[in-house]
Amino acid sequence: MDKRAVKAWIMYDWANSAYATTVLAAVLPVFYASVAAATVDKDTAASYLAYTHSIGMLCVALLTPLLGTLADLSGRKGNFLRVFTITGVVATLGFSIIGEGDWLLASALLVLSTIGFAGGNTFYDAMLPDLVPAERRDMVSSKGYAYGYIGGGLLLAINLLMIQQPGWFGLPDTLAGTRLAFVSVALWWLLFSIPIFRHAPRRSASPELPASWTGYAKVGVRRLRQTFGQIRRFPQLLRMLVAFWFFNDGINTIILMATIYGTSIGIGTSDLMLALLLTQFIGFPCTLLLGAWAQRWGAKRVLIVSLSVYICIVVLGYFMTQALHFYILAGLVGVVQGISQSTARSLFSNLMPAGRTGEYFGFVNITGKFASIFGPFVFGYVGQIAGSTRWGILSLIFFFAAGIVMLLMVNVQRGIQDAGLADQEEQERIRGMNIAGNATGVPFTH
């Protein structure tokens, strides 16, 4: 195990979490409505922002499975991660020049930054099996999320000070603080990505690696078809995937709708932002602690416990009436959010053939993105017909309960055996191709 590469991998979570906290969660939604889309009414601005998020995630869903396949063939996931990261950094930097009424440019930059952030994460996740053995993945994955919490939280705290107290930083007003916040996120993301750029793990190139971009596309599409067809060969992975569709939809809906729900019951903006910070700093130690538990007691068991806590959060959220309640619930989310995502990542990595993690994580990405439309829809629809968002938040119990039921059906050890057998068969197939190539004087090795 290359310790430098592992540290570099963990540091990337520290790097790109600044985008998730400052840009996606805290600053951009307000900036988009008050500056970029200032020339249109608030409802239209909100719709434009929602459409932009949808377009960005659709692009990611369509791109990453194919690119993940190509990354597997080349053995250089780090190269693809670098391209996506730089795309996200440049687009984030572009937010700093957005003027009043430039909503179309802001939307275009948001699509690009979304592709950079979410697309890069596909290759980042797929590196985990290349870095550490199966028995270490729970802990290393948890460390990544934990450092992401502290890194994203630190920069968010600084950025909120820039915006709320611009004079402390020699800035004329809040808008200047907001622009500087975008610049700081871009620089932070790029600076702390340098270690993974230098130490990204590499696998041997596949004999199927083509010599042209046209060949890349043909092989990539062929491998994707195989993925769709062969995933049924891995029943434990398929059950894990269905469980993930449910509980990840519930988690994402809480992340997306928490601020709106808090606002709808009268909680102020300052309390909402401070609660977001609380989530980050509670998430750091709790993800590390629970990651150690996952390594000892098993990722599946700890994941089920964390999803059970989410059910409690949803029920308590139904009865929430004041800011103090919101802080308590934010703290509980901080306890379980990182560990639920990190254990899911490590479970997936154990159930996938090691030589095809790029395409399989791409497959998880595309199906997860499409599945994620249902949680917000159910939240909105139930809240609308019931006349209260409280019933909308309560409806999320279904997603967590369904996820737990499917997880109980996953036999992790059998899934690991299935993935290992598939790897052995792939290696034998490659050896056969090399022998055939050498026999004809045309070696297949790239």
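Reading the values: the criteria
Residues numbered from 1 in each chain as written. Predicted model: local features only at pLDDT ≥ 70, side-chain atom pairs only at ≥ 80, totals over all residues. Heavy atoms only, no water. Core = buried A, V, L, I, M, F, W, Y, C linked by side-chain atoms within 4.5 Å. Buried < 20%, exposed > 50% of the residue type's maximum accessible area, 1.4 Å probe, protein only. Helix = DSSP H or I, 4+ residues; strand = E, 2+ residues; numbered from the N terminus. Contact = heavy atoms within 4.5 Å. Expected span 1.5 Å × (residues − 1). Polar contact = N/O pair within 3.5 Å; in protein donor to acceptor, adjacent residues only side chain to side chain. Axes fitted to C-alpha atoms, helices over the stretch in contact; angles between N-to-C directions. Parallel < 35°, antiparallel > 145°, perpendicular 65-115°, else oblique. Left-handed = near helix turned anticlockwise from the far one by under 90°. Nonpolar A, V, L, I, M, F, W, Y, C, P; charged D, E, K, R; others polar. Salt bridge = Lys/Arg side-chain N within 4 Å of Asp/Glu carboxyl O.

Draft legend 1. Fine view of the nonpolar core. Ranked by internal contacts, the top residues of the largest apolar core, which has 114 residues, are Trp-9, Met-240, Phe-247, Leu-307, Tyr-310, Phe-348 and Phe-400. Top element by residues in this core is helix H1 (residues 3-36). It accounts for 18 residues. Here Tyr-310 is in contact with Ile-251, Ile-254, Val-333, Val-336, Gln-337, Ser-340 and Phe-400, once residues within four sequence places are set aside.

Draft legend 2. Focus on helix H7 (residues 174-191). For H7, which comprises 18 residues, the first-to-last C-alpha distance of 25 Å matches the rise-based estimate of 26 Å (1.5 Å per residue) to within 8%. Of all the positions in H7, only Ala-176, Gly-177, Thr-178, Ala-181, Phe-182, Ser-184, Val-185, Ala-186, Trp-188 and Trp-189 are classed as buried. Each element contacted by the buried residues of H7 is listed here: H1, helix H3 (77-94), helix H4 (103-126) and helix H6 (137-164). Residue Asp-173 occupies the N-cap position of H7, its side-chain oxygen lying 3.3 Å from the main-chain nitrogen of Leu-175.

Draft legend 3. Up close: the environment of Asn-159. Examined against the element boundaries, Asn-159 turns out to sit in helix H6. A residue is classified by how much of its surface remains accessible, and Asn-159, at 0% relative accessible area, is buried. Once the C-alpha coordinates of Asn-159 and Phe-182 are considered, the two residues, 23 residues apart in sequence, prove to be 8.7 Å apart. Contacts of Asn-159, omitting those with residues within four sequence positions, involve Thr-22, Ala-181, Ser-184 and Val-185.

Draft legend 4. Region of the structure containing the packing of H3 against H7. Two numbers describe how H3 lies on H7: the axes approach to 8 Å, and their chain directions differ by 165 degrees. Considering the angle they form, H3 stands roughly antiparallel to H7. H3 and H7 meet at a crossing whose hand is left-handed. Of the residues in H7, those in contact with Thr-85, Gly-88, Val-89, Thr-92 and Leu-93 of H3 are Phe-182, Val-183, Val-185, Ala-186, Trp-189 and Leu-190. Among the residues forming the contact of H3 with H7, the class breakdown is eight nonpolar, three polar and no charged.

Draft legend 5. A look at the pattern of salt bridges. The full count for this structure, using the stated rule, is three salt bridges. For Lys-77, the salt bridge identified is with Asp-130, shortest N-O distance 2.8 Å. Of this pair, Lys-77 sits in helix H3 while Asp-130 sits in helix H5 (residues 128-131); the two residues are 53 residues apart in sequence, bridging distant segments of the chain. Given the relative accessible area of 2%, Lys-77 is considered buried. In this structure, the salt-bridge partner of Asp-125 is Arg-345, at a minimum N-O distance of 3.0 Å. Of the two residues, Asp-125 is situated in helix H4 and Arg-345 in helix H13 (residues 323-351); the sequence distance between them amounts to 220 residues. A cluster of three or more residues bridged by salt bridges with shared partners is formed by Asp-13, Asp-125 and Arg-345.

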